[in-house]
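Residues per chain, in single letters:
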Amino acid sequence: MPRPAGPVRAGPAPSREGIIAMEKFGRLVDTAGTVMAGGAALCLLGAILAVSWMVFWRAIGGVNSWELETSIYLAVAAVFLASPFTLRTNGHIGMELLDATLSDGARRRLALVGNLLGFVVCAYLAYVGLELTLRAYASGEKVLGVWTPYLWPKYATMPLGLGVTALQYIVAIDRLRRPGHAGAPAVAGAAQARGDAS
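**Observations regarding helix 1 (residues 16-59)**
At 3.6 residues per turn, the α-helix brings residues three or four places apart onto the same side. For helix 1, which comprises 44 residues, the first-to-last C-alpha distance of 64 Å matches the rise-based estimate of 64 Å (1.5 Å per residue) to within 8%. Taken together, the buried positions of helix 1 are G26, V29, D30, G33, M36, A37, A40, C43, A47, A50 and M54. For helix 1, the elements touching its buried residues are helix 2 (67-88) and helix 5 (152-177).

Following this line, the structure appears as structure tokens:
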């Protein structure tokens, strides 16, 4: 009587040291994303205060000078700085109808492809953002308007935020590859959607 075949492995099992190192790396990236999300919240608060002051100052007859540029500056920074946290907490907008109809294996494969594509896009944009930041820093480029701050600090939030988001994708891919790990955003979100539907 033939013996049933055991589970097929895609490659050698990762060493315990490798798993521990990736878990430490994952915690470090998670912490960096949380700290950056706190910075993003402060940026949003600053943008809200700047716009509120602008409205109040105009209402009493004042002339605005710095408020609009500041609020735009801070809002752009908030978007990029919050990106890693948004990925980790599955806070992005996604179509989960397809995920909810797939088997666990197909869902994991789809999540892996999505995470790989996300990593490539974020890594490329982080590189382009770094080039843009260095160019703006070297040229001393400033915002056009009444208040003329340097552009490089605003540009610097792009490589910082998207660079850490690319690292968060690496962590998500690692968590997807480990059986029983619920830390992969796309799979966790789909599982939650199926639970809400039932």
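**Notes on the environment of T34**
Its place among the elements puts T34 in helix 1. Distance in space between the C-alpha atoms of T34 and R88 is 9.4 Å, their sequence separation being 54 residues. Other than its neighbours up to four places away in sequence, T34 contacts F85 and R88.

**Regarding unusual backbone geometry**
The backbone of N90 shows a phi angle near 60 degrees, a positive value even though the residue is not glycine. Tracing the chain through its elements places N90 in the loop between helix 2 and helix 3 (97-101).

**So, a nonpolar patch on the surface**
Among the surface-exposed residues, W53, F56, I60, W66 and W147 lie close enough to one another that they form a single nonpolar patch of about 510 Å² accessible area. Its place among the elements puts F56 in helix 1. Assessed through its relative accessible area of 43%, F56 is described here as partly exposed.

**As for the confidence of the model for the protein**
Confidence along the protein averages 84 in pLDDT terms, with 82% of residues attaining 70 or more. Counted against residues more than four places away or in other chains, residues 183-195, with its pLDDT under 50, gives 25 contacts.

**Overview of the nonpolar core**
V29, M36, A40, C43, A77, A78, L81, V164 and V171 together form the largest nonpolar core, which totals nine residues. Breaking this core down by element, the ones donating at least two residues are helix 1, helix 2 and helix 5. Take this core: its biggest share by element is four residues, from helix 1. The residues contacting M36, other than those within four sequence positions of it, are L81, P84, L160, G161 and V164. Counting residues in hydrophobic clusters, the runner-up holds seven residues, among them C122, M158, A166 and Y169.

**Comments concerning the packing of aromatic side chains**
Taken as a whole, this structure holds three aromatic pairs when the rule is applied. Measuring from ring centre to ring centre gives 5.2 Å for Y137 and W152, while their planes differ by 90 degrees; the resulting arrangement is edge-to-face. Placement of Y137 in helix 4 (residues 104-139) and of W152 in helix 5 is noted, with a sequence separation of 15 residues between them. Residue classification places Y137 among the exposed positions, given a relative accessible area of 54%.

**Side note on the packing of helix 2 against helix 5**
Put simply, helix 2 and helix 5 touch, their axes get as near as 8 Å, and they point 5 degrees apart. As judged from the angle between their axes, helix 2 and helix 5 are roughly parallel. Residues Y73, V76, A77, F80, L81, S83, P84, L87 and R88 of helix 2 form the contact with helix 5, whose participating residues are P153, K154, T157, M158, L160, G161, L162, V164, T165, Q168 and Y169. For the contact of helix 2 with helix 5, a count of residues per class yields 13 nonpolar, five polar and two charged.

Calculation rules
- In this numbering scheme, every chain counts its residues from 1 along its sequence in written order.
- Under the rules for a predicted model, residues below a pLDDT of 70 receive no local features and side-chain atom pairs below 80 are neither given nor counted, while totals for whole chains, interfaces and linings still include all residues.
- Hydrogens are left out, water is left out, and the side-chain values use all remaining heavy atoms of the structure.
- Elements are defined by DSSP. Helices are runs of H or I of four residues or more, strands are runs of E of two residues or more, and each kind is numbered from the N terminus.
- How far a helix is expected to stretch is found by multiplying one less than its residue total by 1.5 Å.
- Partly exposed describes any residue whose relative accessible area lies between the buried limit of under 20% and the exposed limit of over 50%, with all areas from a 1.4 Å probe on protein chains only and scaled to the type maximum.
- The contact definition used throughout considers only heavy atoms, calling two residues in contact when any of these lie within 4.5 Å.
- Only residues whose relative accessible area exceeds 30% and that form no salt bridge are eligible for patches; like-charged ones are grouped when within 9 Å, while nonpolar side chains (Val, Leu, Ile, Met, Phe, Trp, Tyr) are grouped when within 5 Å.
- Areas reported as accessible are Shrake-Rupley estimates using a 1.4 Å probe. Residue values count occlusion only from the protein chains shown.
- By definition here, a salt bridge exists when the distance from a side-chain nitrogen of Lys or Arg to a carboxyl oxygen of Asp or Glu is within 4 Å.
- For every residue, the predictor states its confidence as a pLDDT score lying anywhere from 0 to 100.
- Here the nonpolar core consists of buried residues drawn from Ala, Val, Leu, Ile, Met, Phe, Trp, Tyr and Cys, with membership extended through side-chain atoms lying within 4.5 Å.
- Each aromatic pair joins two rings of Phe, Tyr and Trp (for Trp, the six-membered one) with centres within 6.5 Å, and gets the label stacked for planes under 30 degrees apart, edge-to-face for over 60, and tilted for any other angle.
- Helix axes use the C-alpha atoms of the stretch in contact, all axes being lines fitted to C-alpha atoms, and the angles between their N-to-C directions lie in the range 0 to 180 degrees.
- Orientation is classified from the angle alone, with under 35 degrees giving roughly parallel, over 145 giving roughly antiparallel, 65 to 115 giving roughly perpendicular, and any other angle giving oblique.
- Polar here means any residue outside two lists: the nonpolar Ala, Val, Leu, Ile, Met, Phe, Trp, Tyr, Cys and Pro, and the charged Asp, Glu, Lys and Arg; Gly therefore counts as polar.

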